[in-house]
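Residues per chain are reported as follows:
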Amino acid sequence: MKRFLLRNTLLILCALAVSTARAATITSTYIGPIEGNWGDPANWSPPIVPNNGGGDTFAVRIANVFLTLDLDVAVNRITFAPGDSVIFGGDAPLLLCVDHDFSSLRTKVGTGGIPYFFADTKDVTGDLGDLADFSGTTLNSGYAYVVAASAGRTATLKFNGANIVKNNAGIQLAGAGTRVVDENGRDALEHFRHNLLGGYFDLEVGRDFMTEGSFVNEGEVVIFATDPDFISGDVTTTLTINGDYTGIGYPLDPITNKGVVSLLAAGPVGDARMVINGALTNYDSDTQTLHKTAFAWEAANGASATTRLLGGDKALDIVTSKASLILFGPNTGFRDSSGRNALRHLATSARLLIGDRNFTTAGSFTSTSRLSIFGGTQMIVRGDLSIQSGFLALWPKTGYAFAGEPGFPTDPAYLNANLLVRKAFDLPAASILRFHIFDTNTLATLTVRRTATIAGVLQMAVDDVSVISPSDSFTLLTAKQISGQFSNVASGGRVDAFVGFDVDNNPIGDPLGSFLVTYDNTTLVLSDFQPANNSSSSESRKPAVRRNWVDKRSSPDRGEE
């Protein structure tokens, strides 16, 4: 009997030894094409599809790839390795999980990695286990954690201990059925209150969000009523700040150069809304001054993109703006608690970009940094206009085409625009007047009913030299009287034209050619364009100005104009 028990015990121990010997942790490195599938063993070294089972577990490393998950996968570890990514300008790869679940016991996404979980026809869960990029209550890195769900579907991102109070990574939630939770299913964003400088927080297609209390934004917040890339539909999307809102940042500041909220509604149904139940702390109601912060609104096809302030000690009525404000399309901008346009008395502005809409001031207007008028715009200044610093730019390219956001109308990309000053116009020596030329039929012009006094710099940009000939003539400024002269070109002289200018107003690249500049008592005319020998067309050399909807590293108020 003892001999029988001993023999069976030895057999069991041998079986366990054999089983243990066969089990292994396999380090799998993706070696396949830039756009490949997880389920192809030829894409892996060793040539085994990483998926825990059969006693084996896997530690996975991926880099420089748009990798599609084509089966449900569970692994021991996944590392998004830094490298020269081809995806969205990041430095690590994208893992696209559509209608498949993914889990990893331990995960490192890194600064540029993009785990993308999309519930299209079935619910999806992406479980990142112990996430190395999360520490304490801060999500520290990740180019973008994207969670998307079609109508009626649920997409869930979870990781252990998830309680995001501060965010320094990218978080995109597209669709009402998207969630970020901890391992017990608790809402990981319940206490979210601070979007850090590297933070990108994006709500799309009906993914409403209400903060627990006051909210600070140093990075970028986006409210987008559509998602043309994956999810069909156009759904009103609302961010509610259940307390005060503070925006920290300004495009020209060397360090805190973000702090922007972008609201985008391509229409025709869904609106993009931000509601602040408390105060806008950047606004001083006693002086009616909006201090440094940044907002961008873009709406088309009957939709609206607005930020409404319900709290504060007085109604929002901005007379002086030291902020950066972008208004592309009608039905855009600030609204006070009664729903009125909070820019109705705006008289002094630091940075203001207007396109595809009309805008009328209550009286005289002073620009202290940047005033840009784009195609499809009629801006009327009911008094004097003074450009006290920076530049005034007039460009027939529409704001929609300039921003390049998906879903917005960009055909035609160029429309006439006019800035009408009912009294006097003043361009002192420290300021710039810049015109962009497209063709003779589509112009952005300045009309002054009284005297235009010029002493600053005239700058020229050309969008496509192939549609301009030496016989073309462009009347860009008309006034009852023009007084003074430009500091860089007298009447009868020539001015170089460039593809554009950088954020410091320096020309980009070599001159594309030059114009003859003629101005008399009433008009400023450009003619006799002579292309440079080094360029027949500017299109191939033109810097990209299109903002990628997931690219938190760019903004239409930073960079080439």
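Residues numbered from 1 in each chain as written. Predicted model: local features only at pLDDT ≥ 70, side-chain atom pairs only at ≥ 80, totals over all residues. Heavy atoms only, no water.

Next up on the list: the side chain of S304. Along the chain, S304 falls in the loop between β30 (294-299) and β31 (305-309). Setting aside residues up to four positions removed in sequence, S304 forms contacts with A265, D271, A272, A299 and N331. (Helix = DSSP H or I, 4+ residues; strand = E, 2+ residues; numbered from the N terminus. Contact = heavy atoms within 4.5 Å.)

Take the pairing of strand β47 (residues 513-519) next. Burial runs high along β47: five of the seven residues are buried. In terms of strand pairing, strand β46 (residues 494-498) meets β47 through four bridges, oriented antiparallel. Of the residues in β47, the one forming a bridge with V495 is F515. Two strands pair when backbone bridges link them, and β47 and strand β48 (residues 523-531) are joined in this way by six bridges, in the antiparallel orientation. By the bridge assignment, G513 is partnered in β48 with P531. The antiparallel hairpin formed by β47 and β48 contains three residues in its connecting segment. (Buried < 20%, exposed > 50% of the residue type's maximum accessible area, 1.4 Å probe, protein only. Pairing = 2+ DSSP bridges.)

Pairing between side chains of opposite charge can happen when their charged atoms approach one another. Taken as a whole and judged by the stated rule, the model has ten salt bridges. The shortest N-O distance in the salt bridge between D286 and K314 comes to 3.6 Å. One end of the pair, D286, is in the loop between β28 (283-284) and β29 (289-290); the other, K314, is in the loop between β31 and β32 (320-328), and 28 residues separate them in sequence. Here R344 ties to D317 by a salt bridge, and the two come within 3.9 Å at their closest N and O atoms. Separated by 27 residues along the polypeptide, R344 in the loop between β33 (332-335) and β34 (348-355) and D317 in the loop between β31 and β32 bring together distant segments of the chain. You can call R344 partly exposed: its relative accessible area is 22%. With relative accessibility at 13%, the residue D317 sits in the buried group. What emerges from the salt-bridge pattern is a single network uniting D317, D336, R340 and R344. (Salt bridge = Lys/Arg side-chain N within 4 Å of Asp/Glu carboxyl O.)

This part is about the confidence of the model for the chain. The share of residues in the chain with pLDDT of 70 or more is 89%, and the mean pLDDT across the chain is 90. Across residues 1-21 the pLDDT falls below 50, and counting only partners more than four positions away or on other chains, this stretch makes zero contacts in the model. Across residues 535-554, confidence stays below pLDDT 50; counting only partners more than four residues off in sequence or on other chains, it has 73 contacts. (pLDDT = per-residue confidence, 0-100.)

Glancing now at the environment of L95. Structurally, the position occupied by L95 is in strand β7 (residues 94-98). A relative accessible area of 1% means that L95 is categorised as buried. For L95, the residues in contact, after removing those within four places along its chain, are W38, I62, L67, I78, F80, F102, I114, P115 and Y116.

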